[in-house]
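Residue strings, one per chain:
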Amino acid sequence: MLTSRPVDVLSLSQARRVALGAQGLDRRRPEPGTVITPRHLRQVVDRTGLLQIDSVNVLARAHLMPVYSRLGAYDPALLDRAAGTAPRSLVEYWGHMASYVPPSTYRLLEWRQRAYRTEAWGAISGVELAHSGVVAEIRTLIAERGPMTASEVHQFYESDHPRVRTDWGWNWTVAKRALEFLFFTGEVTSARRTASFERCYDLTERVLPPAVLAAPPIADDDAIRALVEISARAHGVGTVRCLADYFRLRLTPARRAIDELVEQGVLRPVTVRGWDRVAYLHTGARHPRRASARTLLSPFDPLVFERRRLEELFAMHYRIEIYVPAAQRVHGYYVLPFLLGERIAARVDLKADRAAAVLRVVGAFAEDGAPAETPHELAAELRELAGWLALDDIEVADPRRGDLAASLAAALATV
């Protein structure tokens, strides 16, 4: 049941439920066995506004998990078709980092393409001057042969520009840097991803739907205001920092856009009890009276993008530890928050051992005040996740790794 009563002061519980409602995380997922369709996927993207992309595949690709968290078991081919088959309903660009966004939102991000000299990082923004000839050649190559992966393009330039192994993670070839420059400036985009998750680059004009291409350019201020509104809808309620971070906007233009949206009646300043700064409520936000979801959230889920907001809303101090040396990790390599109702009740470090068909629980930790049913509810959730990932069993690697591990192992034996 919802209430439309105007609110000027939100309790922390109300703010949590508004945030969960905005993300489609206030209610249980569809019943197991429900056929998930492209319409379901569109509904998720309409709420979240984007899906972050990351190459880490220790459990499942980053863009796949938020859809699972909201819909349960579904066929990932839905996303492949949405982003890789015309007419595309998702395309890639720099939203909240690398992201899938609707084609209409891609057009809202063109201001970033025009401002590449200040918006792109050095390895990209300097390519035009350092390798202008290669950029021009690759532009022509893609036009004639695309779609092509970076590896395929590199073969044309390997003799002149061999791969240089330097810092881990940044050993891009000249061809890759040129492609990323063309990607950032909007001349090429991803037509699809390969089985190994490599981008297949093609001319953007051959990827975006014709109606989107035919739309007139959007002025920078109008685009940023529209992005802030998408962010505000996805948040329900959030601070300036929250609303700016969603699309990685600078604070000054984000504040200006927020002021304009307040003046237009789209946003309303509110007080959230316990917060030390003003928040903004989207006037179309839902106000659920209760939250009943049970789901795992990936480290790249939109609900956990902004870590200060996560801590203030859910009392969860959360850091992703992928790049932390193993001996220094507190909770683990790939740790997922466990949402139960309107609280985050636990966090669990997971790994999909595909060779053994086992979902491995590397560590499990209860949050302060976790309800007594947390081990049983988490065990049931892990069973559903394992089924979606086509894993036959679940193993708690070490019942001493986390204060929830032993009770979770016992619960798994009964589920």
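Rules and cut-offs
Residues numbered from 1 in each chain as written. Predicted model: local features only at pLDDT ≥ 70, side-chain atom pairs only at ≥ 80, totals over all residues. Heavy atoms only, no water. Helix = DSSP H or I, 4+ residues; strand = E, 2+ residues; numbered from the N terminus. Buried < 20%, exposed > 50% of the residue type's maximum accessible area, 1.4 Å probe, protein only. Contact = heavy atoms within 4.5 Å. Polar contact = N/O pair within 3.5 Å; in protein donor to acceptor, adjacent residues only side chain to side chain. Salt bridge = Lys/Arg side-chain N within 4 Å of Asp/Glu carboxyl O. Core = buried A, V, L, I, M, F, W, Y, C linked by side-chain atoms within 4.5 Å. Pairing = 2+ DSSP bridges.

Looking at an unreviewed UniProt entry, one finds the protein chain named Winged helix-turn-helix domain-containing protein, with Pengzhenrongella frigida as its source organism.

A. Layout of the environment of E395. Looking at the secondary structure, you find E395 in strand β14 (residues 393–396). Residue classification places E395 among the partly exposed positions, given a relative accessible area of 35%. Separated by 17 residues in sequence, E395 and L412 place their C-alpha atoms 8.7 Å apart. Here E395 is in contact with V358, L359, R360 and V361, once residues within four sequence places are set aside. One polar contact links E395 to R360, side chain to side chain, over a distance of 2.7 Å.

B. Geometry of the pattern of salt bridges. Throughout the structure, instances matching the rule amount to 35 salt bridges. Residue K176 pairs with E180 through a salt bridge whose shortest N-O separation is 2.9 Å. With K176 and E180 both in helix α12 (residues 174–184) and 4 residues apart, the pair spans about one turn of that helix. There is no split in this pair, since K176 and E180 are both buried.

C. Broad picture of the nonpolar core. In terms of nonpolar packing, the biggest core is built from 112 residues, with L59, L350 and L385 touching the most fellow members. It is α12 that contributes the most residues to this core, 8 residues altogether. Judged by nonpolar contacts, the second largest core, of 26 residues, contains A19, L281, L303 and L310.

D. A look at the sheet that holds strand β3 (residues 91–95). Spatial ordering of the open sheet is given by β2-β4-β3, a layout of 3 strands whose pairing is antiparallel. A single partner strand is all that each edge strand has here, and the edge strands are β2 (51–52) and β3. Across 5 bridges, β3 lies against strand β4 (residues 97–101) in antiparallel orientation. Bridging from a neighbouring strand, Y93 pairs with S99 of β4.

E. Local environment of unusual backbone geometry. Between A86 and the following residue, P87, the backbone shows a cis peptide bond with an omega angle of -5°. Its location among the elements puts P87 in the loop between α4 (77–84) and β3. Of the consecutive residues G146 and P147, the connecting peptide bond is found in the cis state with omega at 0°. Here P147 shows up in the loop between α10 (132–145) and α11 (150–154). Non-glycine residue M97 carries a positive phi angle of around 60°. Here M97 lies in strand β4. The backbone of R248 sits at a positive phi, close to 55°, despite the residue not being glycine. Residue placement: R248 occurs in the loop between α15 (240–245) and α16 (251–263).

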